[in-house]
Amino acid sequence: MFNNHEIILDNVSFAYKQRNILENVNLEVQKGEFASIVGPNGGGKTTLLKLILGLIKPDKGKIRIFDKEPDKIRHRIGYMPQYAHLDMNFPANVMDVVLMGRLGKRNLWFTRKDRAKALEAIDQVGMTGFTKTGFNELSGGQKQRILIARALCSSPDILLLDEPTANVDHETEENLFTILQKLNAKITILLVSHDLGFVSKYVKSVICVNLNVVIHPTTQVNGELIKNIYHGDLKMVRHDHRCSDEGHIHD
Amino acid sequence: MIELLDAIFDPDNLFLRYAFIMGGLASICFGIIGTFVTIKRIGYLAGAISHCVFGGIGLALFLQVNMGLTWFDPIFGAVLAAIIAAVIVGLVSLHAKEREDTIIGTLWAVGMASGILLIDMTPGYFNLASYLFGDILLISGRDLLYVACLDVLVLGIFILFFNRFFSVCFDDEFTSLRGINTTFFYLLLLILTALTIVLLVRIVGIVLVIALLTIPPAIASFYAKRLWQMMTYSIFICLFFTWAGLGLSYSLSLSSGPTIIVLSGTAYLILLIIHRLLR
């Protein structure tokens, strides 16, 4: 077996249109990790997720998930994309959307077991009773939760989320993270986030992506580090978020 | 109304009866395929395919008359052109995102233009308007059989793969992560769209076919909450418009295709305004 590392990226590089997005990336993610992927726009956050999902192939290097190639192990990964690319007028109710997570190569129609799994996932994200509601009638935060349920109902070992809290208000954000924290008891979670200050209250580690990839325990996150991630001086606004139990130091 | 019924059952008016049967049968694949074209937002691709069909018809006429290939019926040319166009258009839309609309637009125009050139080079007189805007006088018993077969094919495939088509249209990236070949289902959808267009060109013609493909689902989407509901409503709305349009065009001695389109288009716009005002 492998040494407790579920995701391993070994010297991975990826370029798009002659521009390097990721360069010689080494990353090891342990079982039970709850990490936030942060970095500037265009820094390669979504690319990193897509590499792990096997949606794109690295130009160089090796990616192993549970010791296998990403596209062979996809069924053990749950994925929540940004919902902005979905058609909001699509005629579907919550159950229709969540059941997509039960799709497989072999089954043409959904069975009673698939429906039970979908209901369980809907319960887990606190959306019980919404099964027959139209997906487009939901609020932004509710849609995110349903997409998490869709990712969950395939019983994944790893959950990847692309900006789960984009366009939702603060309270919804707190709610979502409480749900994710609970799920983390059984599932390894990686999520892309813009709001470093907020997520560091919940996550165990921060994966900084900007051409290179560095993973830090949350306790190390401070002003200096943030400056390095985003290159150059940033305006930092103090707010009530804490980076860790010990707090963090501003210059 | 009674006059119309009399006319339909008058043995001398076989063409009218054929047109009504054709309209009824056509509504089934129109409702199903049209719903997918609407929700996947590929009306533009369907337009390009339908104009390429004209190139195929031109090629068939050219081969028939100039090369003596009498067995090469225009419908074979149309089917061939439609399937080739569907695959090309599908691959372009998947792999050439930046230039997609330019390439599709070019295919659209070139398909149409080559059809006209091929017909120019073919001796004899061909009524172009009947291909462009439909002509129910041309509907034969064989056409009815073709459309019935297409109905069975479309219904069979969609009942079998409903969940897959649903997912591919809603979120193809996620669907491919579930191990489903999304390219295959996308191309299959386009090929079925192409076949539907070919067989229905008889009723409304190449230029108008897109309207009949997208208007009924657009109206259905006001009321449908789920995909299968949208399809069912579309089938009945399409049936209503084709029959009402055929009846109207017969009573007023107007072209059937344009009557159907003006009727459904006006109804859609009125409903759209009502829905906007009610909101």
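The shown structure was predicted, so the numbers you read here are calculated from the model rather than taken from an experiment.

A.B. asks: What's the story with the packing of aromatic side chains in this structure? I'm lost.
C.D. replies: What characterises a pair of aromatic rings is the spacing of the ring centres plus the angle enclosed by the ring planes. Going through the model one piece at a time under the given rule, you end up with 16 aromatic pairs over all chains. Arranged with centres 5.3 Å apart and planes meeting at 65°, the rings of Phe161 of chain B and Phe185 of chain B form a pair that is edge-to-face. Note that Phe161 of chain B is positioned in the loop between helix H7 (141-160) and helix H8 (162-170) and Phe185 of chain B in helix H10 (residues 182-223), a separation of 24 residues in sequence. The class of Phe185 of chain B is buried, set by a relative accessible area of 6%. When the ring of Phe184 of chain B is compared with that of Phe185 of chain B, the centres are 5.1 Å apart and the planes differ by 80°; the resulting orientation is edge-to-face. Chaining the aromatic ring pairs together yields one cluster made of Phe36, Phe158, Phe161, Phe165, Phe184 and Phe185 of chain B. The ring of Phe174 of chain B is capped by Arg150 of chain A, whose NZ or CZ atom sits 3.6 Å from the centre of that ring.

A.B. asks: Would you take a moment to explain the interface of chain B and chain A for this structure?
C.D. replies: Reports often express the size of an interface as the amount of accessible area lost when the parts come together. Contact residues are listed per partner, giving 26 residues for chain B and 32 residues for chain A. Of the roughly 2,900 Å² buried between chain B and chain A, counting both surfaces, carbon and sulfur atoms make up 58%. Summed over the three residues of chain B that lose the most area to chain A, namely Phe170, Leu177 and Arg178 of chain B, the buried surface amounts to 27% of that side. Across the chain B-chain A interface, the total number found is 5 salt bridges. Elements that contribute at least two residues to the side of chain B that touches chain A include exactly H7, H8, helix H9 (172-177) and helix H11 (227-252) of chain B. Among the elements that line the side of chain B that touches chain A, the one with the most residues is H8 of chain B, at 6 residues. Looking at the side of chain B that touches chain A, its residues break down into 13 nonpolar, 5 polar and 8 charged.

A.B. asks: In this structure, what is going on with the pairing of strand E6 (residues 158-162) of chain A? I would like to understand it.
C.D. replies: The two faces of a sheet get side chains in turn, since along a regular strand they alternate between them. Residue and element names in this part refer to chain A. Among the 5 residues of E6, 5 are classified as buried, and the element is accordingly described as predominantly covered. Burial of E6 is two-sided: the residues Ile158, Leu160 and Asp162 facing one way and the residues Leu159 and Leu161 facing the other way are all buried. Direction of pairing for strand E5 (residues 77-80) relative to E6: parallel, over a ladder of 4 bridges. Paired with Ile77 across the bridge in E6 is Ile158. Where E6 meets strand E7 (residues 188-192), 5 bridges bridge the pair, whose relative direction is parallel.

Cut-offs used in this document
Residues numbered from 1 in each chain as written. Chains lettered and ligands numbered in written order. Predicted model: local features only at pLDDT ≥ 70, side-chain atom pairs only at ≥ 80, totals over all residues. Heavy atoms only, no water. Phe/Tyr/Trp six-rings, centres within 6.5 Å; stacked < 30°, edge-to-face > 60°. Helix = DSSP H or I, 4+ residues; strand = E, 2+ residues; numbered from the N terminus. Buried < 20%, exposed > 50% of the residue type's maximum accessible area, 1.4 Å probe, protein only. Lys NZ or Arg CZ within 6 Å of the ring centre and 35° of its normal. Contact = heavy atoms within 4.5 Å. Buried area = accessible area lost by both parts, 1.4 Å probe. Salt bridge = Lys/Arg side-chain N within 4 Å of Asp/Glu carboxyl O. Nonpolar A, V, L, I, M, F, W, Y, C, P; charged D, E, K, R; others polar. Pairing = 2+ DSSP bridges.

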